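Reading the structure
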Amino acid sequence: TLVNEGAVEYRNAFDWDVKGPESVHELMRSMNLHMSPVEEFWVICLDTKNRPCGMHMVSRGCINSSIVHPRETFATAILNNAASIILCHNHPSGNPTPSQADIDITRRLAEAGELLGIAVLDHIIIGDGNYVSLKEKMLL
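None of the values given here were measured: they were computed from a predicted structure.

Thresholds applied
Residues numbered from 1 in each chain as written. Predicted model: local features only at pLDDT ≥ 70, side-chain atom pairs only at ≥ 80, totals over all residues. Heavy atoms only, no water. Helix = DSSP H or I, 4+ residues; strand = E, 2+ residues; numbered from the N terminus. Buried < 20%, exposed > 50% of the residue type's maximum accessible area, 1.4 Å probe, protein only. Polar contact = N/O pair within 3.5 Å; in protein donor to acceptor, adjacent residues only side chain to side chain. Axes fitted to C-alpha atoms, helices over the stretch in contact; angles between N-to-C directions. Parallel < 35°, antiparallel > 145°, perpendicular 65-115°, else oblique. Left-handed = near helix turned anticlockwise from the far one by under 90°. Contact = heavy atoms within 4.5 Å. Nonpolar A, V, L, I, M, F, W, Y, C, P; charged D, E, K, R; others polar. Core = buried A, V, L, I, M, F, W, Y, C linked by side-chain atoms within 4.5 Å. Pairing = 2+ DSSP bridges.

1. Overview of the side chain of Asp47
With respect to the helices and strands, the residue Asp47 is situated in the loop between β1 (40–46) and β2 (52–60). Given the relative accessible area of 17%, Asp47 is considered buried. Within the structure, the side chain of Asp47 is placed 2.8 Å from the backbone nitrogen of Lys49, a separation counted as a polar contact.

2. Digging into the packing of helix α3 (residues 70–79) against helix α4 (residues 100–116)
Think of two packed helices as two axes; the pair is described by the angle between the axes and how far apart they sit. At a minimum axis distance of 10 Å, the contact between α3 and α4 shows a crossing angle of 45°. Taken as axis vectors, α3 and α4 run oblique relative to one another. Handedness of the α3/α4 crossing: right-handed. Facing α3, whose interface residues are Pro70, Thr73, Phe74 and Ile78, α4 presents Arg108, Leu109, Ala112, Gly113 and Leu116. A breakdown of the residues in the contact of α3 with α4 according to their chemical character gives 6 nonpolar, 2 polar and 1 charged.

3. Focus on the nonpolar core
Counting residues in each nonpolar core, the largest one holds 16 residues, and the members touching the most others are Phe74, Ala77, Ile85, Leu87 and Leu109. Among the secondary structure elements, those contributing two or more residues to this core are β1, α3, β3 (84–90) and α4. The element best represented in this core is α4, accounting for 4 residues. Once you skip the residues sitting within four places of it in the chain, Ile85 turns out to touch Val43, Ile44, Cys45, Thr73, Phe74, Ala77, Ile118, Ala119, Val120, Leu121 and Asp122. Grouped together as the second largest cluster of nonpolar side chains are 13 residues, Met28, Leu33, Ile86 and Ile126 included.

4. Things to note about the sheet that holds strand β5 (residues 131–133)
Strand order in the open sheet formed by 5 strands is β2-β1-β3-β4-β5, with mixed pairing between adjacent strands. The strands lining the two open edges of the sheet, one partner per strand, are β2 and β5. Here the average twist between neighbouring strands, direction ignored, is 20°. Pairing of β1 with β3 involves 6 bridges; the strand directions are antiparallel.

Encoded structure:
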């Protein structure tokens, strides 16, 4: 069962339209993800019209890593009846360049999503003032 925490950020997030990686970056910056001292891995669940139907922190790690598993990532997507998801995490170093581990987990999650019928649309990595979209870099 999902519980609505009633946080202002979540309510505002559901009034938001996904127009591309820049809009995801703006949303996550509004939630101060770029200021977190540790890595946080988030999943944004989208309905069939690409409107947010859920946002969840899947993992909170340390200064340079977080453990992400398809089970936890897709559990939230399934509970939200998501048609697709966008992955997002921060790099506390401020440099959003994807690591090989970032690329590997993105591909693993995309494969899991194919099996479940829940598309992984993008993976956005947030830095200090900028971001990287793995889809735009053709790494997804």
